[in-house]
Amino acid sequence: MAGNALVPAKPDGSGVIAPQVKPARANILGTLALALPTIAGAVTAVAADAPLAALAGAVAGCIAMFSPKIANQWERAVVLKWGRYAGMRGPGVFFVVPGVHTVAAWIDQRTVTSPFAAEQTLTSDAVPVNVDAVLFWTVYDPEKAALEVQDYTQAVSWAAQTALRDIIGRTSLTELLRGRLHIEKELQALIDERTTPWGVTVHSVEMRDVVIPASLQDAMSREAQAAREKQARIILGEAEVEIAKLFERAAEAYQANPTALQLRQMNILYEGLKQKGGMMVVPSTMVESMGPAGIMAATALAAQQQQQQRQSPPAPPAISNGQGSDEPAVRVVDDFKLFPSE
């Protein structure tokens, strides 16, 4: 890890992010530290005719080029002196003594996004699931991240995966699908408790996807469909009850006002005769209750409907009532009972 930085990279087969190591960091100050002593030694060797001056300048330049370091704004450098912790450096330019100081690690203090997964993990009700999640975390103490754990990036990824498996094993499938927010908070607290001693804090955990077996998906779909059908039947029954209550109130109103009942009968007759090619069969008692004016109005309306049918282009016979165009629009029959008594 000397002189390199660990960063999250591609996930391996276990669902854990494997760290990648950056190449050696070069900077313009190191190049100048190498070039200036080398050039000075070469000039001295030519002027004084001393070949050793050029060699000494090259050696000094090679040593000096490792002294200047540059840390970015979001980075901290962990410096060791003879193997012991000497402090943090950065951001900006700092110098070390080559051979005495060593930059053990470059710690990135930006928020890191680490995807992780738990494959074929059994829930508390023995259902295998695959869960994908994303972890957002930050190094708040670079000293602990460098000294307390060997590889803090991989350690955080392993802690997240094991915590996810632990949570899934203690949760039923229904709770896992419906209570994501609660599970994410519990998972965040569990991971943060494990990573705090390493100088790492967890900002949030988000579950991206929960995959269950296809056979179980089909069973859950049928169960949901049955529940919706049950709810639809319940709503339909409640609607029938409400309609029956409204009909009861309407019957009471018509009983107290015969004129309103006659108007309603005429309206029903009119609505039925508006349909082109339709025929309405009404009981004789209904016509008698409507009186002469009602009969004349119904007859005139029927004649008008038949006249319009004759003037309009011929149309195929209606399938709904099975009647031809020659049938009268209104047919009065003797009174009948819909529910005959035994």
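Before reading further, recall that the structure is shown in the block above.
Here's a quick rundown of the structure. Just so it is clear, the model here is predicted, and its values are computed rather than measured.

A look at the overall build of the protein
- Each helix and strand in the protein was counted, giving nine helices and 12 strands.
- For the protein, the residues scored as buried account for 30% of the 342 residues in total.
- In the protein, of all internal contacts separated by at least 6 residues, the share reaching a separation of at least 24 is 65%.
- With the model as given, the accessible surface of the protein reaches about 21400 Å², and the carbon-plus-sulfur share is 59%.

What to know about the packing of aromatic side chains
- Per the counting criterion, the structure on display carries two aromatic pairs.
- Geometrically, the ring pair formed by Phe 94 and Trp 106 is tilted, given 6.0 Å between the ring centres and 45° between the ring planes. Placement of Phe 94 in strand β6 (residues 92-95) and of Trp 106 in strand β7 (residues 101-108) is noted, with a sequence separation of 12 residues between them.
- Taking relative accessible area as the criterion, Phe 94 reaches 7% and is therefore assigned buried.
- Residue class for Trp 106 comes out buried when judged on its relative accessible area of 4%.
- Ring geometry for Trp 137 and Tyr 152: centres 6.1 Å apart, planes at 80°, overall edge-to-face. Of this pair, Trp 137 sits in strand β9 (residues 128-139) while Tyr 152 is found in helix α4 (residues 152-169), placing the two residues 15 residues apart along the sequence.
- Exposure remark for Trp 137: the relative accessible area of 1% places this residue in the buried category.
- Taking relative accessible area as the criterion, Tyr 152 reaches 4% and is therefore assigned buried.

As for the sheet that holds strand β5 (residues 84-89)
- Taken in spatial order, the three strands make up an open sheet running β5-β4-β7, and their pairing is antiparallel. Each of the sheet's edge strands pairs with one partner strand only, and the pair in question is β5 and β7. The mean inter-strand angle of the sheet, taken between neighbouring strand axes irrespective of direction, is 25°.
- Where strand β4 (residues 75-81) and β5 come together, five bridges link them in antiparallel fashion. Across the sheet, the residue bridging to Lys 81 is Arg 84, located in β5.

Brief notes about unusual backbone geometry
- With an omega dihedral of 5°, the bond running from Gly 90 to Pro 91 counts as a cis peptide bond.
- For Pro 91, the position within the fold is in the loop between β5 and β6.
- In the Ramachandran plot, Trp 82 falls in the positive-phi region, its phi being about 55° despite a non-glycine side chain.
- Residue Trp 82 is classed as exposed on the basis of its relative accessible area of 62%.

Structural notes on a nonpolar patch on the surface
- A cluster of nonpolar side chains, Leu 52, Leu 55, Val 59 and Ile 63, forms an exposed patch at the surface whose accessible area comes to about 410 Å².
- Inspection of the secondary structure puts Leu 52 in helix α2 (residues 51-64).

Some points on the packing of α4 against helix α6 (residues 180-195)
- Where α4 meets α6, the axes come as close as 9 Å, and the angle between the chain directions of the two elements is 135°. Between α4 and α6, the angle falls in the class oblique. Classified by chirality, the crossing of α6 by α4 is right-handed. Between α4 and α6, the contacting residues are Val 156, Ala 159, Ala 160, Thr 162, Ala 163, Leu 164, Asp 166 and Ile 167 on the first element and Ile 183, Glu 186, Leu 187, Leu 190, Ile 191, Arg 194 and Thr 195 on the second.
- When its residues are assigned to classes, the contact of α4 with α6 shows 10 nonpolar, two polar and three charged.

The rules behind each value
Residues numbered from 1 in each chain as written. Predicted model: local features only at pLDDT ≥ 70, side-chain atom pairs only at ≥ 80, totals over all residues. Heavy atoms only, no water. Helix = DSSP H or I, 4+ residues; strand = E, 2+ residues; numbered from the N terminus. Buried < 20%, exposed > 50% of the residue type's maximum accessible area, 1.4 Å probe, protein only. Contact = heavy atoms within 4.5 Å. Areas by Shrake-Rupley, 256 points an atom, 1.4 Å probe, with all protein chains shown as cover. Phe/Tyr/Trp six-rings, centres within 6.5 Å; stacked < 30°, edge-to-face > 60°. Pairing = 2+ DSSP bridges. Axes fitted to C-alpha atoms, helices over the stretch in contact; angles between N-to-C directions. Patch = residues over 30% accessible without salt bridge, like charges linked within 9 Å, V, L, I, M, F, W, Y side chains within 5 Å. Salt bridge = Lys/Arg side-chain N within 4 Å of Asp/Glu carboxyl O. Parallel < 35°, antiparallel > 145°, perpendicular 65-115°, else oblique. Left-handed = near helix turned anticlockwise from the far one by under 90°. Nonpolar A, V, L, I, M, F, W, Y, C, P; charged D, E, K, R; others polar.

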